[in-house]
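Chains, contacts and geometry: an overview
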Amino acid sequence: MEFPEVTEANSEGATHSDDIVVVRSLEKVFCDFWGRPKAKAINDVSFEVRKGEVFGLLGPNGSGKSTTIKVLLGLLNPTRGMVRIFGHSPRDVKTKQRIGYLPEESYLYRYLNSAETLDFFGGLFALDSEEKKLRSEQLLEMVGLKGVQMRTVGEFSKGMQRRIGLAQALINDPDLVILDEPTAGMDPIGCREIKDLIKNLKARGKTVILSSHLLADVEDVCDRAVIYYGGKVQQYGTLDELLTERDTVQFTMPALSEAAQKEVLEAMGRHADKDDIRVDNPSQNLETLFLNVVEKARASDETSGATSGSEVAEFLRADQPVPTQAETMLNRLADKEVEKPKAQMADEQSVSVPESKVDEAKLDSLSEAKPDSVSPKELPEEKKGDVKKNLDEVDDKLSGLLGGD
Amino acid sequence: MGFKPLLAVAFLTWKASIRYRFFWVMLCLLLFAVGGLPLIVKDDGSAEGMTQILITYTLSMITAIMGAATLWISAGSLANEIENHQLQMVATKPISRWQIWLGKWVGVMSMNFVLLLFAGGVVYGVVEYRANQLTRDGLNRIKDLTENEIRQLAYNSGIAQVESDPKTGRPKEDKEGNPILVDIGLVRNKLAGLEEKKLRDKILIARASIPMINSVERRQLYQTQTNGPLSSRSVPLETWVEQMMKRYMPKREAQLLQMKIEAQQESGVNPGEIIQELDSYEKVAATNQIRQEILGYSQILGVAEGLSLQFKKPRGWNPDELDEFAMRFYFEDTQVAYNDDDLYPFVFGFGPGKGQVVQDTVQFDARTFHEIPMPVSLPSNEGGRINMFDTNSLISIFFYNGGRASLKVPYLDSRGRVGGKGVELLYKEAGFAVNYLRALGIVFAWLGVFAALGLFAGSFMSFGMSAFACLGILVIAGVLGLVEEVGEEGTIMQTYTDGKRDTSVIDTVLVPASKILVWLIKPIKEYSPIEKLTEGRSVTWKELFYAYAYIWGLAGAVLGVLGSVILSSRQLAITSESGGGGSDSWISKELLGFLMVLIIVLALRTYFLPHLMLPEWAMNVVAYFLVPIAYIAYRIRRRFILDAINISK
């Protein structure tokens, strides 16, 4: 997997091996008008982001994720510590050529329509007009706003604004994409598309920094992550390191007859304490179910809102053209997983594993309530048991989601 | 990285103002102000008055409307985008903050350019239409008159009826020796066009003045015997001043010495120790003062006294032999006559170099500008023509006060240099259209500063605050006269104690502040093209150049550099709304800090230090040197050294 962009990044960018972003002992104190310290938003944060990885900033609201990102982008000045992006200061103008940024909220010009928005940001990258036009069209196609490009951003729903925001972040085909809560306000299809997009970017050797308080987002796509609480890094490492229960193994197999099951259990019982063995039917997770339902509906219905986005913009695509249309993004990307490194494989597999292990609300409340106790060991512990949902509840949620956007 | 990002930002300003309909509202507003309102404004009935009012009114309206709108839009386009976080999106792209700043400025100014051209074009159209209307009205008036009546009227108005040789001025004759009459059609058109021609000669024109040079003579008419011929005697101004000083100096010195002795006696100096003479410093001061007074006095002409002034033809003006220029003459009666009918006789003469070719007597009323047409050359008796400018391009004008009373001809300007409004020679420098464009050019320069001011304020204040501050500056500029007075009188207090005006702490702040304001604003205000335009005076290329050099080069550049430095140093993710207390820019904080130190220094020097019984120089050193240096050292230590340590940790 050699990409020319990446080698370029290496030659002129980060000095230390593959580090694209280096953060050392970063501290940010917000002061009031008279210079009196008001709040310490981040405190002694250190991490580095390596070339070609998807890096997650995870943490509850107000834990310093966005502040970190804004320091990385030069929108805030650090009070203490050092930040280097591609080996340069965050305020270096030329470096910005290689960065794409999606802010936490839509900070776009409300009076521009989506085509004009992309045209404007393309202009800031000094793209020539033909290139701008080409990329705008492909990006709008990709984020599913092709049909509404004459409506101004001010009229857009929150999800549509996220989509156009995402498009502008990619107009320069950046080497480093910084996404601040990319899935906030997006419908599940949008969420999935964004995750797929992130994986695609990674496949092309791009580096992605992703901030989120939605654990599923991070879990699905990130290679490594920091977990913030109260402005401090609580955990830092690869997702594997953070999540794997080294002392537990899970088997998945076709349903067995009662006798066969008993036999297997007996065999297992010889190797482990009986109380530690659990057997249940894998349930489809909500996201997968939802996607299947919408996929069927999409074939016939039309919408005045954002359509579900289609293939990744051509200029953003990996070297080989991918056959698409009928296939879902997921399938398409899954095809390519073959080429991916092992860490990624493990990640992908967890998607197809029956139980998603995610109850976001619960986890959120947990990480907020007793953050210091958030450790990789406890994460899966909480998830056992309460995955089963009442089917009615699922229906309600589904119809709500579908009607909502 | 070229200018593309900058242009993208500039273009965005256009998009915003069109989407928010600002551009169209401005177009309509301007159209209404310059096209509609003049129709209902009253004038004094004369074509000149009408045109003057039209130009003054419309151009002032354009400047006011566009100035206010420019401040509003430029302050808003930066402050609002910072507050709504949109600028964060721009700042994370490969564009420097100064490029953002400049891009906004270019956007606002390009819009101003279009709007100004539009509004200016409408005004020009209205003026031209009204000027042409004068001739159409004239033709209408005389359309029923017979040929003879027209010739009679034209003759009365001084329109030539007989064709004449332009070189010699002699009438042309046909073969039978009869004079050739000018075609009646031409005469009719000339008669009808008289009003328009007058307007175009006086107002719709760009006239510049021929500079007066420093070679003035005082003249005196005298008679050696009763009823004998008049002779004249002339003395160079310098000699005259010396003579006068010799006459008045001893008297003045005696007066000053007397005052000095009295002052010593009052303050209780022993009679034996009283100094009985002026020291050298006092003498020099007295001499300088009396010289200024006498120079001023040289403008006053007693009966039969006169002046001879020299003017040098500017290089850019190369008139034809048959061209004309005009002398503008203004004088004041030293004892004001309230009777308007009072006319004062003058004897005028002029000629090339120091020579004298033409002499005439005319009567004028005081305190009014009079214009006398002057020929560039005159036919000579020996054939050919005599140019009124000699080989060194010099022309002399002289005049005597012909009787009645002492009169003041202010040939010196307010600073005592030649070139006052008393005598001016005006020549046609360019047409009205060119002059008008140059005047609009100066208005555009002003708008450039307004835009820079708005953007500067928007760089570190919220939209509300910056709009308020800009409005304040506009108001202050409007009442500049008052501010100037505060600066000159040294106090804003109008109360008195023991015959002395009170001072207060407020003065320590406001007096220097007003002085700085005047210093900043006045030069900009001085480049007022509107007044010149209504007087038919040329706004020269040089003035246009200086206007841009000063207004853009100084005011604009300072605001631009400060504005973009502030914008660069501030943290865009912090807004007043998010609790950053407004600006987070260190430079704006340093500016504020420095301003506060300035106030402290002034208060210290005025109220605190005098109590310490220190010598004057020591107080100055402490207040103006030690305190600011200490403050600057403290800030440098704080900002550069402590912060550097923090970062390296």
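From a predicted model like this one, the values you see are computed outputs, not experimental measurements.

It is worth spelling out the overall build of chain A at this point. From N to C terminus, chain A includes 15 helices and nine strands. The proportion of buried residues among the 405 residues of chain A is 48%. Long-range pairs, those at least 24 residues apart, make up 71% of the contacts in chain A between residues at least 6 apart in sequence. When the accessible surface of chain A is summed, it comes to about 19,900 Å², and 51% of that surface belongs to carbon and sulfur atoms.

With that out of the way, let us pick up the side chain of Thr68 of chain A. Residue and element names in this part refer to chain A. By the element assignment, Thr68 lies in helix 2 (residues 65-72). Since its relative accessible area comes to 0%, Thr68 is described here as buried. A polar atom in the side chain of Thr68 sits 2.7 Å from the side chain of Tyr228. Ignoring anything within four residues of it in the chain, the contact list for Thr68 reads Ile42, Phe47 and Tyr228.

Turning to the confidence of the model for chain A, a few remarks are in order. Residue and element names in this part refer to chain A. For chain A, the mean per-residue pLDDT works out to 73, and 65% of the residues sit at or above 70. Taken together, the stretch residues 1-15 has pLDDT below 50 and engages in 31 contacts with residues farther than four places along the chain or on a different chain. Below a pLDDT of 50 lies the segment residues 320-389, which in the model reaches 85 contacts outside its immediate sequence neighbourhood of four places, other chains included.

This part covers the sheet that holds strand 15 (residues 423-431) of chain B. Sheets are built from strands that pair by backbone hydrogen bonding, the pairs being arranged parallel or antiparallel. All names here are of chain B. Strand order in the open sheet formed by four strands is 1-15-6-10, and the pairing between neighbours is antiparallel. Because the sheet does not close on itself, it has two edges, and the strands there are strand 1 (205-210) and strand 10 (370-375). The mean angle between the axes of side-by-side strands here comes to 35°, regardless of whether they run parallel or antiparallel. Against the sheet, helix 11 (residues 432-460) engages strand 1 and strand 15, with an angle of about 95° to strand 15.

Okay, the packing of helix 1 (residues 4-19) of chain B against helix 2 (residues 22-36) of chain B next. Residues and elements named next belong to chain B. The N-to-C vectors of helix 1 and helix 2 enclose an angle of 70°; their axes lie 4 Å apart at closest approach. Overall, the two elements helix 1 and helix 2 adopt an arrangement that is roughly perpendicular. Residues Trp14, Ser17 and Ile18 of helix 1 form the contact with helix 2, whose participating residues are Phe22, Phe23 and Trp24. Partitioned by chemical class, the residues of the contact of helix 1 with helix 2 number five nonpolar, one polar and no charged.

This next bit is on the packing of helix 6 (residues 147-156) of chain B against helix 7 (residues 184-192) of chain B. Residue and element names in this part refer to chain B. Where helix 6 meets helix 7, the axes come as close as 10 Å, and the angle between the chain directions of the two elements is 50°. What the angle tells us is that helix 6 and helix 7 run oblique. Classified by chirality, the crossing of helix 7 by helix 6 is left-handed. Listed contacts from helix 7 to Glu147, Ile150, Arg151, Leu153 and Ala154 of helix 6 are Ile184, Val187, Arg188 and Leu191. Of the residues in the contact of helix 6 with helix 7, the class split is six nonpolar, no polar and three charged.

Residue-level contacts link 37 residues of chain A with 37 residues of chain B. Interface area for chain A against chain B, summed over the two sides, is near 3,600 Å², with a carbon-plus-sulfur share of 62%. The interface formed by chain A and chain B holds two salt bridges in total. Linking chain A with chain B are eleven residue pairs in polar contact (both at pLDDT 80 or more), by the criterion used here. Listing elements by their share of the side of chain A that touches chain B, those giving two or more residues are strand 1 (19-31), strand 4 (80-85) and helix 3 (114-124) of chain A.

Turning to the sheet that holds strand 5 (residues 99-102) of chain A, a few remarks are in order. All names here are of chain A. The mixed open sheet is built from six strands, whose spatial order is 5-6-7-3-8-9. The sheet is open, and its two borders are formed by strand 5 and strand 9 (232-238), each paired with just one other strand. Adjacent strand axes in the sheet meet at a mean angle of 15°, parallel and antiparallel pairs treated alike. Where strand 6 (residues 176-180) meets strand 7 (residues 207-212), five bridges bridge the pair, whose relative direction is parallel. Within strand 7, the residue paired with Leu176 across the bridge is Thr207. Helix 6 (residues 188-203) contacts strand 3 (54-58), strand 6 and strand 7 of the sheet and is inclined by roughly 155° relative to strand 7.

Time to look at helix 6 of chain A. Residue and element names in this part refer to chain A. The end-to-end C-alpha distance of helix 6 is 22 Å, a good match for the 22 Å that 16 residues give at a rise of 1.5 Å each. Summarising burial for helix 6: 16 of the 16 residues are buried, a large majority. Phi for Gly205, located one or two positions after helix 6, is positive at around 85°.

This brings us to the pairing of strand 8 (residues 344-352) of chain B. Residues and elements named next belong to chain B. A large share of strand 8 lies buried, amounting to nine of its nine residues. Adjacent in sequence and paired antiparallel, strand 8 and strand 9 (residues 358-364) are bridged by five residues, among which Gly353 carries a positive phi angle near 55°. The sheet contact formed by strand 8 and strand 13 (residues 394-401) spans seven bridges and is antiparallel. Following the sheet pairing, Phe346 is matched in strand 13 by Asn401.

Time to look at the pairing of strand 3 (residues 230-236) of chain B. In terms of strand pairing, strand 2 (residues 212-223) of chain B meets strand 3 of chain B through seven bridges, oriented antiparallel. Looking across to strand 3 of chain B, one finds that Leu221 of chain B is bridged to Ser232 of chain B.

The next subject is the pattern of salt bridges. Residues and elements named next belong to chain A. Tallied over the entire structure, the rule returns 37 salt bridges over all chains. For Asp173, the salt bridge identified is with Lys206, shortest N-O distance 3.6 Å. With Asp173 in the loop between helix 5 (158-169) and strand 6 and Lys206 in the loop between helix 6 and strand 7, the pair connects residues that are 33 residues apart, well separated along the chain. Overall, the relative accessible area of 15% leaves Asp173 in the buried class. On the basis of relative accessible area, Lys206 is assigned to the buried category, the value being 1%. Look at the salt bridges and you will find they share partners, linking Arg98, Asp173, Asp175, Arg204 and Lys206 into a network.

Thresholds, definitions, all that
Residues numbered from 1 in each chain as written. Chains lettered and ligands numbered in written order. Predicted model: local features only at pLDDT ≥ 70, side-chain atom pairs only at ≥ 80, totals over all residues. Heavy atoms only, no water. Helix = DSSP H or I, 4+ residues; strand = E, 2+ residues; numbered from the N terminus. Buried < 20%, exposed > 50% of the residue type's maximum accessible area, 1.4 Å probe, protein only. Contact = heavy atoms within 4.5 Å. Areas by Shrake-Rupley, 256 points an atom, 1.4 Å probe, with all protein chains shown as cover. Polar contact = N/O pair within 3.5 Å; in protein donor to acceptor, adjacent residues only side chain to side chain. pLDDT = per-residue confidence, 0-100. Pairing = 2+ DSSP bridges. Axes fitted to C-alpha atoms, helices over the stretch in contact; angles between N-to-C directions. Parallel < 35°, antiparallel > 145°, perpendicular 65-115°, else oblique. Nonpolar A, V, L, I, M, F, W, Y, C, P; charged D, E, K, R; others polar. Left-handed = near helix turned anticlockwise from the far one by under 90°. Buried area = accessible area lost by both parts, 1.4 Å probe. Salt bridge = Lys/Arg side-chain N within 4 Å of Asp/Glu carboxyl O. Expected span 1.5 Å × (residues − 1).

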